[in-house]
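Analysis of the macromolecular model
Spelled out, the chains give:
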Amino acid sequence: MTATDEGDASAADADAVDPDEVRHVADLARVDLDDEEAAAFAEQFADVLDYFAALDEVPEVEDEPDLVNVMRADEVRDGLTQEEALANAPDSEAGFFKGPKVS
Amino acid sequence: MSADDAPDGEAADGLNAFVTRVTVDGDADGPLAGRTVAVKDNISTEGIRTTCGSAMLDEYVPPYDATVVERLREAGATIVGKTNMDEFGMGGTTETSAFGPTKNPVDPEHVPGGSSGGSAAAVAAGEADLALGSDTGGSVRNPAAFCGVVGIKPTYGLVSRYGLVAYANSLEQIGPFARTVEDAAALLDAIAGPDERDATTRYDAAEGGAADAPGVPDDTHPADATEYAAAADGDVDGMTVGVPTELVEGADDEVVAVFEDALADLEAKGVETVEVSLPSVEHAVQAYYVIAMSEASSNLARFDGVRYGVDGGEGNWNESFASSREEGFGDEVKRRILLGTYALSAGYHDKYYKKAQDARAWVKRDFDEALSEADVLATPTMPVLPPKRGESLDDPLSLYLMDANTVPVNLANLPAISVPAGEADGLPVGMQFVGPAFGEEAVIRAGSAVEK
């Protein structure tokens, strides 16, 4: 899937979803899938996206909600302690979260 | 995975309504003193495991309380456990929980509805007087209808979402369950109100201002001047109830029959019914799922196995992240994250997400027009009777269609209630009332007239 063809809606047609496209999206979303999952999702996505295609009939609707600024004053307050913040981490070291290497 | 790892949990709970059983007494002698409350397991409880029905959060113990939980304690309620739910609120039957499905107390062969199925089942079975759920597209009203109890979805902004684990935050509200409308309204009284930790709780209903914000003199919140329990007086003489034809036509015959009987009872109590039309709702379910899945794909990005969640193990960041999520998330959650990612990806944003936002604005406008002709709108809560367990899992689309009558309300950010209206084939049928924004009293009053 190239997913860059802005004007070409047909590329988004439901029947265009194959397991490779599902894998590509899964890659973007950082979710590993096994072959079986990718095949099952491809089939289900075709149905769901086909159903979503009915949104094409929706007219453009002006929606201008009244927005207000809800910022509060920037004051220092108590937050979680370092210990509390780290309590659920699978791995930590010297008071820091320990994550995998970035590259 | 064990359905319940608390002492005496499994034996006491053949319904699998609870993920964790606890007893936390309230702090004071408040309006809910002596009442027991079950809390959906996506609402944070300090020191008590909060799983969201997911293997991802199997061992997660929040270091703080959600605002609604603080308010329960202050109101004197006793918390009796954390209830089972569809994983991260994604589902309509409480079958997608990593801790196994919940059974419907009315008939254990059937689903209790979802995603707050554990909360509804706990109340219906008498395991708790009251319960809290969350409603993103009907997740309080759906299980209330299927289990034969009362559920309220408040106006967006009435109740703080601080401490609610987010799934689709522009849509979801925490809402109460009870066996009577008055009890559900009393629980709403306890949890509603402004919260400086959630900027989406509204201050100043008239002007939309924030408390203490410069230039906003009025810092009242709609809940401040209201007592919801008092509105459950059954007095509907002179009330106008609009019936949106589109949301009745699609329902099964036996559901419609119960609904029409309940309407006739209301007419005998002095209610005038009028037909109203909501042409936009034909596209509401599609719009809802595009928006909810898109928000889910973003919200659930926080589950990377570093700060909490399943450890992704060896490998670089991307590999570890992806393997944590493969292991931690169930099928429905993966499905929604992937479809949401797809809908937001370059080239598809205009086709899906932008159109869904147009549909949302259209739905809001339709509701505003219908509610200018009526005090509240009435529909069957669910177009179908509770299906048997296992019946709907393999076909996601059929499950999504079950939400046709509830999701438009979330898109429009309006309040709604589901009350038991009767039975068909021995299974409960719910009636839904929808009101104008912050018009909780009207839907509570209408609902109370159905039960009296």
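Residues numbered from 1 in each chain as written. Chains lettered and ligands numbered in written order. Predicted model: local features only at pLDDT ≥ 70, side-chain atom pairs only at ≥ 80, totals over all residues. Heavy atoms only, no water.

The name an unreviewed UniProt entry assigns to chain B is Glutamyl-tRNA(Gln) amidotransferase subunit A, from the organism Halobaculum roseum. Quoted verbatim from the Sequence similarities (unreviewed entry) heading of the UniProt record, the comment on chain B is "Belongs to the amidase family. GatA subfamily." In its Function (unreviewed entry) section, the UniProt record describing chain B reads: "Allows the formation of correctly charged Gln-tRNA(Gln) through the transamidation of misacylated Glu-tRNA(Gln) in organisms which lack glutaminyl-tRNA synthetase. The reaction takes place in the presence of glutamine and ATP through an activated gamma-phospho-Glu-tRNA(Gln)." (UniProt positions renumbered as here; feature names shortened; annotations may be inferred.)

For chain A, an unreviewed UniProt entry supplies the name Aspartyl/glutamyl-tRNA(Asn/Gln) amidotransferase subunit C and the organism Halobaculum roseum. We quote the UniProt Subunit (unreviewed entry) comment for chain A here in full: "Heterotrimer of A, B and C subunits." We quote the UniProt Sequence similarities (unreviewed entry) comment for chain A here in full: "Belongs to the GatC family."

Bringing a negative patch on the surface into the picture now. On the surface, Glu 43, Asp 47 and Asp 50 of chain A together with Asp 394 and Asp 395 of chain B cluster together into a patch of negative charge. In this structure, Asp 47 of chain A sits in helix 2 (residues 35-52). (Patch = residues over 30% accessible without salt bridge, like charges linked within 9 Å, V, L, I, M, F, W, Y side chains within 5 Å. Areas by Shrake-Rupley, 256 points an atom, 1.4 Å probe, with all protein chains shown as cover. Salt bridge = Lys/Arg side-chain N within 4 Å of Asp/Glu carboxyl O. Lys, Arg positive; Asp, Glu negative; His and termini not counted. Charge placed at Lys NZ, Arg CZ, Asp CG, Glu CD. Helix = DSSP H or I, 4+ residues; strand = E, 2+ residues; numbered from the N terminus.)

Turning our attention to the interface of chain A and chain B. For interface size, the figure often reported is the accessible area lost on association. Contacts between chain A and chain B engage 52 residues on the former and 61 residues on the latter. The junction of chain A with chain B conceals about 5,200 Å² of combined surface from both sides, 66% of it contributed by carbon and sulfur atoms. Asp 56 of chain A serves as the salt-bridge partner of Lys 351 of chain B, at 3.5 Å between the closest nitrogen and oxygen. Linking chain A to chain B there are 14 residue pairs in polar contact (both at pLDDT 80 or more). (Contact = heavy atoms within 4.5 Å. Buried area = accessible area lost by both parts, 1.4 Å probe. Polar contact = N/O pair within 3.5 Å; in protein donor to acceptor, adjacent residues only side chain to side chain.)

Next up on the list: the pairing of strand 2 (residues 36-40) of chain B. Residues and elements named next belong to chain B. Burial of strand 2 is extensive: four of the five residues sit out of reach of the surface. Sheet topology note: the strand 2/strand 3 (residues 78-83) ladder contains five bridges and is parallel. Bridging from a neighbouring strand, Ala 38 pairs with Gly 81 of strand 3. The β-α-β motif built from strand 2, the intervening helix 2 (residues 67-74) and the parallel element strand 3 has right-handed crossover chirality. (Buried < 20%, exposed > 50% of the residue type's maximum accessible area, 1.4 Å probe, protein only. Pairing = 2+ DSSP bridges. Right-handed = clockwise from strand over helix to strand, strands pointing away.)

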